[in-house]
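What the coordinates show
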Amino acid sequence: MDEVTISRAITESFMKEFMDSMEVEVAVVGAGPSGLVAAHYLARAGIRTVVFERQLRVGGGMTGGGMMFNRIVLQKEGKEILDEFGVRSTLYRRGYYTADALESIASLCVGAIRSGVKIFNLMTVEDVMIRGDRRVSGLVLQWTAVNMARMHVDPLTVRSRVVIDATGHDCDVCQILVRKTGPKLKTATGAVVGEKSMWAEKGEADLVKNTIEVYPGLIVTGMAANAVLGSPRMGAIFGGMLISGKRAAELAQSIVKKR
């Protein structure tokens, strides 16, 4: 096979998949654990779902485990979700399990893709689309490398019925929305409240409760949910992240079915 054929194969297949993803039902921003879990359950339910990840790799903070010890801790409910993806875990003591961080995120990624999710890495969301009904209706995308180089290159857009902000502590999509619309989120201040200092027990308990439609057409999940609503961070315990992703999928599915 010659070099031009290789280049054509890459270009043609990528462009087909990208163009097929320009109009979807749900767009997930962030390919960390909660984003991948949400996308997996949505695609498995037959909902056209795409994930945009700004980094070269997927996994968010899960790949680093706790302070670069690539192990994670989770409780029984979170373990049951990892079980669905075939991830091995070990009972540490009653109610707490450990798992390999890299096996976990690799399995979540493969599971999402095999469910029908398309993941585009190296793409940054730099804006949202809001139409006359005052709801999020899509995303404005740019290559991450273009942003890093600070080049003035116009972006492209995708349309979706629902957007899920799974961008972790930075809660990028919500931050963009507040900058563009003012403080109109469903929070105590209308803006991003910001995460509190670490308190694993409370942070885990709040996480699923905070997984809500925070603005019409925009759902928050994972650490983005706690950052937006003002709850504590949890550290390297990930059960709540997985459950939050599943909850986000349920919310998105219900919104898609109503519209």
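I will try to describe carefully the structure that is included in this document. As a convention, each chain's residues are numbered from 1 in the sequence order in which they are written. Per-residue local features are limited, in this predicted model, to residues with pLDDT of at least 70; the limit for side-chain atom pairs, both in listing and counting, is 80 or more; totals at the level of whole chains, interfaces and linings are taken over all residues. With hydrogens and water stripped out, all remaining heavy atoms of the structure feed into the side-chain values.

Secondary structure summary: the chain contains nine helices and 11 strands in total. The C-alpha atoms of the chain give a radius of gyration of 18 Å, which matches the 18 Å a tight globule of 259 residues would have. Referenced to the eigenvectors of the C-alpha coordinate spread, the extents of the chain come out at roughly 55 × 50 × 40 Å. When the 259 residues of the chain are sorted by exposure, 51% land in the buried category. Note on contacts: a residue pair qualifies if any of its non-hydrogen atoms lie within 4.5 Å across the two residues. Once local pairs closer than 6 in sequence are excluded, the contacts in the chain between residues at least 24 apart make up 67%. As presented, the chain carries roughly 13,000 Å² of accessible surface, and 55% of it is formed by carbon and sulfur atoms. A distance of 5 Å separates the average location of the 33 positive side-chain charges in the chain from that of its 27 negative side-chain charges. Under the DSSP-based scheme used, a helix requires at least four consecutive residues in state H or I and a strand at least two consecutive residues in state E, with every element numbered from the N terminus. Put simply, the radius of gyration uses C-alpha atoms, and a globule should come to 2.2 Å times the residue count raised to 0.38. Exposure is judged per residue with a 1.4 Å probe applied to protein chains only, and the accessible area is read against the type maximum: over 50% gives exposed, under 20% gives buried, and values in between give partly exposed. Each accessible area is a Shrake-Rupley estimate made with a 1.4 Å probe; only the visible protein chains count as cover when residues are assessed. Two residue types count as positive, namely Lys and Arg, and two as negative, namely Asp and Glu; His and chain ends fall outside the count. For this purpose, a charge sits on NZ of Lys, CZ of Arg, CG of Asp or CD of Glu.

This part covers the nonpolar core. Here, the term nonpolar core denotes a set of buried Ala, Val, Leu, Ile, Met, Phe, Trp, Tyr and Cys residues that are joined through side-chain atoms within 4.5 Å. Counting residues in each nonpolar core, the largest one holds 77 residues, and the members touching the most others are Phe52 and Leu139. Ranked by the residues each element gives to this core, the list is headed by helix 9 (residues 239–258), at eight residues. In this view, Leu139 contacts Ala27, Val29, Phe52, Val125, Asp127, Val128, Met129, Leu156, Thr157, Val158 and Val163; residues no more than four positions away in its chain are not counted.

Tracing the backbone shows Thr167 in the loop between strand 9 (156–165) and helix 6 (172–181). What qualifies as a polar contact is a pair of N or O atoms within 3.5 Å, subject to a donor-acceptor requirement within protein and to the restriction that residues adjacent in sequence count only when both atoms come from side chains. From its side chain, Thr167 meets the backbone nitrogen of Cys171 in a polar contact 3.4 Å long. Beyond its immediate stretch of four places on either side in the chain, Thr167 contacts Val29, Asp172, Val173 and Ala224.

Further remarks concern the packing of helix 7 (residues 200–209) against helix 9. Helix axes are fitted only over the stretch in contact, all axes being lines through C-alpha atoms; the angle between N-to-C directions runs from 0 to 180 degrees. Where helix 7 contacts helix 9, the axes come no closer than 8 Å and their chain directions differ by 5°. Regarding the angle of helix 7 to helix 9, the classification is roughly parallel. Together, Glu204, Leu207 and Val208 of helix 7 and Gly239, Gly240, Met241, Ile243, Ser244 and Arg247 of helix 9 make up the contact between the two elements. Polarity classes work like this: nonpolar for Ala, Val, Leu, Ile, Met, Phe, Trp, Tyr, Cys and Pro, charged for Asp, Glu, Lys and Arg, and polar for all others, with Gly in that last group. Counted by class, the contact of helix 7 with helix 9 contains four nonpolar, three polar and two charged residues. Under this scheme an angle from 65 to 115 degrees is roughly perpendicular, one under 35 degrees roughly parallel, and one over 145 degrees roughly antiparallel; angles in between are oblique.

Between its first and last C-alpha, helix 1 (residues 3–20) extends 26 Å over 18 residues, near the 26 Å set by a 1.5 Å rise per residue. Two or three places before Val4, at the opening of helix 1, Asp2 has a side-chain oxygen 3.0 Å from that residue's backbone nitrogen. Between the first and last residue of a helix there are one fewer steps than residues, each counted as 1.5 Å, and that sum is the expected span.

All right, on to the packing of aromatic side chains then. Here a pair means two rings of Phe, Tyr or Trp (six-membered ring of Trp) with centres within 6.5 Å. Their orientation is stacked below 30 degrees between planes, edge-to-face above 60, and tilted elsewhere. Within the structure shown, the criterion is met by five aromatic pairs. These aromatic residues form a ring-pair network of at least three members: Phe14, Phe18, Phe52, Phe120 and Trp143. Consider the ring centre and the ring normal. A charge sits over the ring if Lys NZ or Arg CZ is within 6 Å of that centre and within 35 degrees of that normal. Above the face of the Tyr97 ring, Lys79 is positioned so that its terminal group lies 5.3 Å from the ring centre.

On to the sheet that holds strand 3 (residues 71–74). Whether two strands pair depends on DSSP finding at least two bridges between them. Across the sheet, three strands lie side by side as 3-5-4; this open sheet has antiparallel pairing. Every interior strand has two partners, whereas the edge strands, strand 3 and strand 4 (89–93), have only one. For this sheet the average axis-to-axis angle between neighbouring strands, irrespective of direction, equals 35°. Inspection of the sheet shows strand 3 paired to strand 5 (residues 96–100) by four bridges, in the antiparallel sense. Each bridged residue has a counterpart across the sheet, and for Val73 the counterpart in strand 5 is Thr98. Along the sheet, helix 3 (residues 76–84) contacts strand 3, strand 4 and strand 5; its crossing angle with strand 3, the most-contacted strand, is approximately 120°.

We now examine the layout of surface pockets. The distinction between a cavity and a pocket rests on a 1 Å grid over the protein atoms alone: a 1.4 Å probe fits inside a cavity but cannot get out, while a pocket stays open yet meets protein on both sides within 12 Å along at least five of seven lines, and a residue with an atom within 4 Å of a point counts as lining. Grid points are joined across faces, edges and corners, and a volume is the space filled by probe spheres set on the points. Size it by volume and the largest pocket reaches roughly 680 Å³. The wall of the largest pocket is formed by 38 residues, among which Gly60, Gly61, Thr167, Gly168 and His169 lie closest to the centre. Elements supplying a minimum of two residues to the lining of the largest pocket: helix 2 (33–44), strand 2 (49–53), strand 7 (123–130) and helix 8 (223–229). With three residues, strand 7 is the largest single contributor of residues to the lining of the largest pocket. Considered class by class, the residues forming the lining of the largest pocket number 17 nonpolar, 15 polar and six charged.

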